[in-house]
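# Fold and contact review
So the chains spell out like this:
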Amino acid sequence: MLTAVCCRLGRSAGPLAIARQCYYSTVASRDSQHSETVPDHITILSKPAHERAAQRKPFVKSMFLGTVDTDLLSFPESLNREEQSRLMEDKAKLIETTVALGKVKSADSFQVYGLQGPLAYGGKQYTETEFAYINELVAENLQRALEVLEHNALVQMITRHCSDEAKNAFLGELCSGQKIAAGALYETNSSRHTMFSTVAELDFSDRKWRLNGSKVLYRNGMDSGLLAVVASTKGIEKMNAEESTIATFLVDAQAKGVEISDATVSRNGITRLTVNFNQVNVPEEHVIPGGTDVLTKLLTSMRVQSSVVRVTLLKRILNELTTVCLNTKTVSGEITDIEVIREQLARMASVVYAAESLIYMTTSLMDDFENQDVDLEAAITKVFSAEQLIKFATLPLKLLGPQALSADSPFEALFNDAFKLYIGDESLDSVNFLIALSGLQYAGNHAHETIKKDRNPAMNPSYVISKLFEKSSIQNPKQFADLQQFFHPSLDPAAHWIEFSIVRLKLAVVCMLSRHGAEVVDRHVELERVANIATMIYAMTASASRASRAYCIGLRHAEHEVHLANMLCREMNEKVRLLAIDLESGPFITNDDNYNIVARNLFRNKGYFFEHAITKNY
């Protein structure tokens, strides 16, 4: 069921750690013979490969079936001691060589453009966890950070999928920063015949591809030397063929037939670039095969790493707002004594904590397990960080009023940065649909027999009768796995709320698939509810897991982390309950059908058509 809806998501996971007894690191974290510091004889050219465990079942997608991989409920410690020590040295070097982070591009002693490049070409071969940690420092310079993370994702893609000839041609200059790579994925024009309006055709006479079309990039100027252009290679009617219908083409920005025009979008320097390709020749060696699989891995990395930039900005907004509150007084006393101020700042702190937990839980899944496909988790991480960023970027305006826009206030610049990050390079609605449809597809494939019986009650009377005696419901869910045993006892409330939310997700998914069948792909409002539930469950799990680890190993402020996680899980559990009830109720009991009626009338009348409030008809 839903086999043509969404990308394939394979999944894996990691070893068991029962946090309330003690903390065990994951397989990739074992210190074994490693010492506290990096031995002198180990150089960057002999950096050992990161250990990976065998692939496991999906994590979030399994929750759509009401199951949990409990081995992953302990927050991962992805880096072993040697990797941790090496990373700390790199962090110190980056801080030392880039006092002004805007100069990071010219820092020869620490090449941020080769962080994920192979050692043989001057790169540092960072894992996603290592890159995310260093990316926190680079993220202080917004535009540079976005450029660096996209560049490194493309370097990693070339390393994994390109021919040796292409690697030799590009990786040396890319890792040194002499050339900057940019992804040319998005376009404004659509085509009914191909997936992308940009099309490549193979000329069999000289074995070169001819690239035609246009792409749109949002960047801080155009200093890219290499473009990774995603283009269609065959028509939509052949999409079900074994051979892929799209490919990625590595194109020099100065090549013949490449024309770049720009138009400034805002006064903040972000530029909308239109790149036109007119009969651009691309050798076969510079084509990355693999189609959607390669593109999915690229987007997965970029979604997670861009979330690092958003969380860094969220922290800056929270810190600035806290400082202003500490230094501001009202006629009635300290502004910090106002309850609504405390409530909003506490909620923002819990959101920052959850978003950061999502990032490092997702990067560990990418790093610690072989061929781990985590595009669902990466999509959740991006949606959560982006939506919370735009929500809390306006919080200073709400709490401080006009004072937030004063000349000496930093909030206007922070809001502009948040707005640019929220726009991003893809619609959040489309990412939400990916989350929902991926989970529903997985559930449909594994529970099709149950769904078939639900859709044909007359043919399955015994099944219908057995459902009448089920004790678990969306209103009154029953525990199925006793998840509290995998967290510290102080997080028992959070564990119960997580478990209840997973049960509600499963019941809501079965209800949706039974009601709509394959037509569920057109129920966009309900899909968004499912995506929101899955997002909150993953955020709850990551936060509780991280807080449990912090308390078990005795980190500073661990008791506050526990309080933060319990607070977040309580609020999100209630939101999940309400969303699941709406999903169970259906479009006619909720307002979904009313939304459709009003919207159709707006389209029919080409806008707001209701009579004025003081109009008379007599």
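Criteria and thresholds
- As a convention, each chain's residues are numbered from 1 in the sequence order in which they are written.
- With pLDDT at 70 or above as the cut-off, local features in this predicted model cover only qualifying residues; side-chain atom pairs require 80 or more to be listed or tallied, and sums for whole chains, interfaces and linings still use all residues.
- Side-chain measures here rest on the full set of heavy atoms in the structure, leaving out hydrogens and waters.
- Think of it this way: any DSSP run of H or I at least four residues long counts as a helix, any run of E at least two long counts as a strand, and we number them from the N terminus.
- The contact criterion used is simple: two residues touch if any of their non-hydrogen atoms lie within 4.5 Å.
- Note on areas: these come from Shrake-Rupley sampling with a 1.4 Å probe, and a residue is covered only by the protein chains present in the view.
- To pair, rings of Phe, Tyr and Trp, with the six-membered ring standing in for Trp, must have centres within 6.5 Å; the planes then decide the type, stacked if under 30 degrees apart, edge-to-face if over 60, and tilted in the middle.
- The predictor rates its confidence in each residue with pLDDT, a number between 0 and 100.
- Remark: exposure states derive from per-residue accessible area (1.4 Å probe, protein chains only) relative to the maximum for the residue type, with buried under 20%, exposed over 50%, and partly exposed in between.
- Whether two strands pair comes down to DSSP finding at least two bridges between them.
- Put simply, a salt bridge is a Lys or Arg side-chain nitrogen that is within 4 Å of an Asp or Glu carboxyl oxygen.
- The span one expects for a helix is its residue count, reduced by one, times 1.5 Å.
- Each nonpolar core is a collection of buried residues, namely Ala, Val, Leu, Ile, Met, Phe, Trp, Tyr and Cys, held together in the definition by side-chain atoms within 4.5 Å.
- Interaxial angles span 0 to 180 degrees and are taken between N-to-C directions of axes, which are lines fitted to C-alpha atoms, for helices over the stretch in contact.
- Orientation categories follow fixed angle ranges, with anything under 35 degrees roughly parallel, anything over 145 roughly antiparallel, 65 to 115 roughly perpendicular, and all other angles oblique.
- Helix crossings are classified by the rotation of the near helix relative to the far one: an anticlockwise turn of less than a right angle makes the crossing left-handed, while a clockwise turn makes it right-handed.
- Each residue receives one of three labels: charged for Asp, Glu, Lys and Arg, nonpolar for Ala, Val, Leu, Ile, Met, Phe, Trp, Tyr, Cys and Pro, and polar for the others, Gly being one of them.
- Put simply, a patch holds well-exposed residues, over 30% relative accessible area, that have no salt bridge, with like charges counted together within 9 Å and Val, Leu, Ile, Met, Phe, Trp or Tyr side chains within 5 Å.

## Some remarks on the overall build of the chain
Secondary structure summary: the chain contains 17 helices and 10 strands in total. When contacts within the chain are restricted to residue pairs at least 6 apart in sequence, those whose partners lie at least 24 apart make up 76%. Accessible area of the chain: about 29,000 Å², with a carbon and sulfur share of 52%.

## Notes on the packing of aromatic side chains
One pass over the structure, following the stated rule, counts four aromatic pairs. A ring pair is formed by Phe-59 and Tyr-538, whose centres lie 6.2 Å apart and whose planes are at 70 degrees; its orientation type is edge-to-face. Placement of Phe-59 in the segment before helix H1 (60-63) and of Tyr-538 in helix H15 (residues 524-553) is noted, with a sequence separation of 479 residues between them. By way of ring pairs, the aromatic residues Tyr-608, Phe-609 and Phe-610 are connected into one cluster.

## Side note on the confidence of the model for the chain
Do not read the predicted coordinates in detail wherever pLDDT is low. Predicted confidence across the chain gives a mean pLDDT of 84, with 86% of residues reaching 70 or more. Long-range and interchain partners of residues 1-43, a stretch whose pLDDT sits below 50, account for 137 contacts in this model, where long-range means more than four residues apart.

## What about the pairing of strand S4 (residues 226-232)?
Within S4, seven of the seven residues are buried, leaving the element largely enclosed by the surrounding structure. Here strand S1 (residues 181-184) runs beside S4; their pairing, made up of four bridges, is parallel. Across the sheet, the residue bridging to Gly-183 is Ala-228, located in S4. Relative to strand S5 (residues 246-252), S4 runs antiparallel, the two being bridged by seven bridges. When the sheet's bridge partners are listed, Val-230 is paired in S5 with Thr-248.

## Remarks on the environment of Gln-125
By secondary structure assignment, the location of Gln-125 is in the loop between helix H2 (81-97) and helix H3 (128-138). The exposure class of Gln-125 is partly exposed, given its relative accessible area of 34%. Counting along the chain gives 10 residues from Gln-125 to Leu-115, while the straight-line C-alpha distance between them is 6.0 Å. When residues no more than four places from it in sequence are discounted, the contact partners of Gln-125 are Lys-47, Gly-114, Leu-115, Gln-116, Gly-117, Pro-118, Leu-119 and Glu-130.

## Section: the side chain of Thr-541
Along the chain, Thr-541 falls in helix H15. A relative accessible area of 1% means that Thr-541 is categorised as buried.

## A word on unusual backbone geometry
Peptide bonds are trans in most cases, and residues, glycine excluded, mostly fall at negative phi. The residue Arg-207 is not glycine, and still its phi comes out positive at about 55 degrees. Tracing the backbone through its elements, the reader meets Arg-207 in the loop between strand S2 (199-203) and strand S3 (208-219). Even without being a glycine, Asn-371 presents a positive backbone phi close to 50 degrees. Within the fold, Asn-371 resides in the loop between helix H7 (339-368) and helix H8 (375-393).

## Considering the pattern of salt bridges
In the structure shown here, the tally under the stated rule is 26 salt bridges. Of the charged contacts in the structure, one is a salt bridge between Asp-203 and Arg-210, with a shortest N-O distance of 3.0 Å. Overall, the relative accessible area of 25% leaves Asp-203 in the partly exposed class. Classification of Arg-210 by relative accessible area gives buried; the value is 16%. Here Arg-529 and Asp-592 are joined by a salt bridge, their closest N and O atoms 2.7 Å apart.

## As for H8
Because an α-helix packs 3.6 residues into every turn, residues spaced three or four apart end up facing the same way. Compared with the 27 Å implied by 1.5 Å per residue over 19 residues, the 27 Å span of H8 between its first and last C-alpha is a close match. A large share of H8 lies buried, amounting to 16 of its 19 residues.

## Here's the deal with the nonpolar core
Counting 122 residues, the largest nonpolar core has Phe-59 and Leu-483 as the members making the most contacts within it. Ranked by residue count, the leading element in this core is H7, at 14 residues. Leaving out residues up to four positions away in the same chain, Leu-483 has contacts with Val-68, Thr-70, Leu-73, Ala-495, Ile-498, Glu-499 and Ile-502. Ala-153, Leu-154, Phe-170 and Leu-250 belong to the second-largest nonpolar core, a separate cluster that totals 25 residues.

## Focus: the pairing of S5
Across the seven residues that make up S5, a large majority, six, are buried. Pairing between S5 and strand S8 (residues 287-288): two bridges, direction antiparallel. Considered in S8, the bridge of Thr-248 is made with Ile-288.

## As for the packing of H8 against helix H10 (residues 411-423)
Axis separation between H8 and H10 bottoms out at 9 Å; the angle between their running directions is 155 degrees. Between H8 and H10, the angle falls in the class roughly antiparallel. In this structure, the crossing between H8 and H10 has a hand that is left-handed. Here Ala-386, Glu-387, Leu-389, Ile-390 and Ala-393 of H8 come into contact with H10, specifically with Phe-415, Ala-418, Phe-419, Leu-421 and Tyr-422. Residues of the contact of H8 with H10, tallied by class, amount to nine nonpolar, no polar and one charged.

## Quick look at a nonpolar patch on the surface
Where nonpolar side chains cluster on the molecular surface, the patch consists of Val-598, Tyr-608, Phe-609 and Phe-610 and spans about 430 Å² of accessible area. Locating Val-598 in the fold gives a position in helix H17 (residues 592-605). Judged by relative accessible area, which is 42%, Val-598 ranks as partly exposed.

## Some words on the environment of Leu-583
One can find Leu-583 in helix H16 (residues 558-585). Taking the C-alpha atoms as reference points, Leu-583 and Glu-526, separated by 57 residues in sequence, lie 6.4 Å from one another. With residues up to four places along the chain from it excluded, the contact list for Leu-583 reads Ala-508, Cys-511, Met-512, Arg-515, Glu-526, Arg-529, Val-530 and Ile-533.

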